[in-house]
Amino acid sequence: MFDNRTLHQDYPLPDADNFLQDDVARIAEAITAIDNDFFQNSVDLQAKLDQEERINAEKFRRIKINHLLDDQLFNV
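Bear in mind the structure is a predicted one, so any value in this text is a computation, not a measurement.

Thresholds applied
Residues numbered from 1 in each chain as written. Predicted model: local features only at pLDDT ≥ 70, side-chain atom pairs only at ≥ 80, totals over all residues. Heavy atoms only, no water. Helix = DSSP H or I, 4+ residues; strand = E, 2+ residues; numbered from the N terminus. Rg over C-alpha atoms; globule rule 2.2 N^0.38 Å. Buried < 20%, exposed > 50% of the residue type's maximum accessible area, 1.4 Å probe, protein only. Contact = heavy atoms within 4.5 Å. Areas by Shrake-Rupley, 256 points an atom, 1.4 Å probe, with all protein chains shown as cover. Lys, Arg positive; Asp, Glu negative; His and termini not counted. Charge placed at Lys NZ, Arg CZ, Asp CG, Glu CD. Salt bridge = Lys/Arg side-chain N within 4 Å of Asp/Glu carboxyl O. Polar contact = N/O pair within 3.5 Å; in protein donor to acceptor, adjacent residues only side chain to side chain.

## Description of the overall build of the chain
When helices and strands are tallied, the chain shows one helix and zero strands. For the chain, whose C-alpha radius of gyration is 25 Å, the value lies well above the compact-globule estimate of 11 Å for 76 residues. Taken over the C-alpha atoms alone, the chain extends approximately 75 × 15 × 10 Å along its principal axes. Per-residue burial for the chain yields a buried fraction of 11% across its 76 residues. Contacts spanning at least 24 positions in sequence make up 11% of the contacts within the chain whose residues lie at least 6 apart. Of the accessible surface of the chain, which amounts to about 6600 Å², a share of 58% is contributed by carbon and sulfur atoms. Charge separation in the chain, taken as the distance between the mean sites of 8 positive and 16 negative side-chain charges, equals 14 Å.

Following this line, the structure appears as structure tokens:
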């Protein structure tokens, strides 16, 4: 059996010379790994977006207070 892999993520790839029963398991393994990678990337991205949202909300709060007080009480 040939053990071809993708260059960057090392996912298993089918090969024309492999038996179908072997490649079906390899394809299932690849799809599962891709699904896990996509899920982890979406979790990581959401965490970054949440952090940016908190930072922007704090900046907006400081700008609003400075504007209401007509003073530079907070650095933005």
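## Quick look at unusual backbone geometry
With a phi angle near 65°, Asp 10 is a residue other than glycine that sits in the positive phi range. Looking at the secondary structure, you find Asp 10 in the segment before helix H1 (20-69). Classification of Asp 10 as partly exposed rests on a relative accessible area of 47%. Despite not being glycine, Asp 70 shows a phi value in the positive range, around 50°.

## Examining the pattern of salt bridges
It is possible for side chains bearing opposite charge to pair when their charged atoms get close. In this structure the tally under the stated criterion is five salt bridges. Of the charged contacts, one joins Arg 26 and Asp 23 as a salt bridge, the two residues approaching to 3.7 Å between their closest N and O atoms. Separated by three residues within a single helix, Arg 26 and Asp 23 lie in helix H1, roughly one turn from each other. Overall, the relative accessible area of 6% leaves Arg 26 in the buried class. Residue class for Asp 23 comes out buried when judged on its relative accessible area of 6%. The salt bridge involving Arg 62 is made with Glu 58; its shortest N-O contact spans 2.9 Å. Separated by four residues within a single helix, Arg 62 and Glu 58 lie in helix H1, roughly one turn from each other. You can call Arg 62 partly exposed: its relative accessible area is 29%. Connected via shared salt-bridge partners are Asp 3, Arg 5, Asp 23 and Arg 26.

## Structural notes on the environment of Glu 58
Judged by its relative accessible area of 28%, Glu 58 is partly exposed. Separated by 18 residues in the primary sequence, Glu 58 and Val 76 have C-alpha atoms spaced 9.1 Å apart. At 2.7 Å, the side chain of Glu 58 forms a polar contact with the side chain of Arg 61.

Purely spatial values, then, with no claim about function.
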